[in-house]
Amino acid sequence: QVQLVESGGGLVQPGGSLRLSCAASGSIFSINAMGWYRQAPGKQRELVAAITSGGSTNYADSVKGRFTISRDNAKNTVYLQMNSLKPEDTAVYYCNADITVAGTIYEYDYWGQGTHVTVSS
């Protein structure tokens, strides 16, 4: 059993900052890519940022220069530092990870439950 648990969402004013965290736990052998997605009301889920096990990163154009993704492999945790937040960043943010379950050779795609981020004055 593997779980991803997110934290750090909330209400913030435009221009403010938030830091999201996502910790993976359970029967984990290894974690490959980790990432953050978001889904705004009435819109499709979209990739925000991703990071490989080696630390290579990829960002959506809309967040480049404002958001930073990082990970702590020892803690099986991925972070998303969000600065200069805009109202259009309002969404439910989901953590995603490609995890090889202990005792198997299979890699599965896991999702967190989502955390709400609201940017409003």
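Anyway, here's the lowdown on the structure attached to this text. Nothing here was measured: the structure is a model prediction, and the numbers come from that model.

## As for the overall build of the chain
Here's step 1: The number of helices and strands found in the chain is zero helices and 11 strands.
Here's step 2: In the chain, the succession of helices and strands from N to C terminus is β-β-β-β-β-β-β-β-β-β-β.
Here's step 3: Taking 14 Å as the expected radius of gyration for a compact globule of 121 residues, we find that the chain reaches 14 Å, a close match to that expectation.
Here's step 4: Out of the 121 residues in the chain, the part that is buried amounts to 40%.
Here's step 5: For the chain, the proportion of contacts with a sequence separation of at least 24, taken over those separated by at least 6, is 55%.
Here's step 6: If you sum the accessible surface of the chain, you get close to 6400 Å²; carbon and sulfur atoms cover 47% of it.
Here's step 7: Separation between the mean location of the 9 positive side-chain charges and that of the 9 negative ones in the chain comes to 6 Å.

## Looking at the pairing of strand β11 (residues 115-119)
Here's step 1: Burial of the side chains of β11 is restricted to one face: T115, V117 and V119 are buried, whereas none of H116 and T118 on the reverse face is.
Here's step 2: In this sheet, β11 lies alongside strand β9 (residues 91-101) in antiparallel orientation, the contact comprising three bridges. Bridge assignment links A91 to a residue of β11, and that residue is V117.

## What about the sheet that holds strand β3 (residues 18-26)?
Here's step 1: Spatial strand order, β1-β3-β8-β7: four strands in an open sheet with antiparallel pairing. Looking along the sheet, the strands with just one partner apiece sit at the ends: β1 (2-7) and β7 (67-72). On average, adjacent strands in this sheet sit at an angle of 15 degrees to one another, irrespective of strand direction.
Here's step 2: Two elements, β7 and strand β8 (residues 77-82), share six bridges in a ladder whose sense is antiparallel. Following the sheet pairing, S70 is matched in β8 by Y79.

## Side note on the nonpolar core
Here's step 1: Of all hydrophobic cores here, the largest spans 32 residues; its most connected members are W36, L80, M82 and Y93.
Here's step 2: Of all the secondary structure elements, the ones that give two or more residues to this core are β1, β3, β4 (28-39), β5 (46-51), β7, β8, β9 and β11.
Here's step 3: At six residues, the largest contribution of residues to this core is made by β9.

## Let's talk about the pattern of salt bridges
Here's step 1: Using the criterion set out here, one finds four salt bridges in the structure.
Here's step 2: D89 is the partner of R38 in a salt bridge, and the nearest nitrogen-oxygen pair spans 3.0 Å. You can see R38 sitting in strand β4 and its partner D89 sitting in the loop between β8 and β9, a full 51 residues away along the chain. Exposure class is identical for R38 and D89. Each is buried.
Here's step 3: D89 is the salt-bridge partner of R66, the closest N and O atoms lying 2.8 Å from each other. Here R66 is found in the loop between β6 (57-59) and β7, whereas its partner D89 is found in the loop between β8 and β9, with 23 residues between them in sequence. Neither R66 nor D89 differs from the other in exposure class; each is buried.
Here's step 4: What emerges from the salt-bridge pattern is a single network uniting R38, E46, R66 and D89.

Parameters at a glance
- Residues numbered from 1 in each chain as written.
- Predicted model: local features only at pLDDT ≥ 70, side-chain atom pairs only at ≥ 80, totals over all residues.
- Heavy atoms only, no water.
- Helix = DSSP H or I, 4+ residues; strand = E, 2+ residues; numbered from the N terminus.
- Rg over C-alpha atoms; globule rule 2.2 N^0.38 Å.
- Buried < 20%, exposed > 50% of the residue type's maximum accessible area, 1.4 Å probe, protein only.
- Contact = heavy atoms within 4.5 Å.
- Areas by Shrake-Rupley, 256 points an atom, 1.4 Å probe, with all protein chains shown as cover.
- Lys, Arg positive; Asp, Glu negative; His and termini not counted.
- Charge placed at Lys NZ, Arg CZ, Asp CG, Glu CD.
- Pairing = 2+ DSSP bridges.
- Axes fitted to C-alpha atoms, helices over the stretch in contact; angles between N-to-C directions.
- Core = buried A, V, L, I, M, F, W, Y, C linked by side-chain atoms within 4.5 Å.
- Salt bridge = Lys/Arg side-chain N within 4 Å of Asp/Glu carboxyl O.

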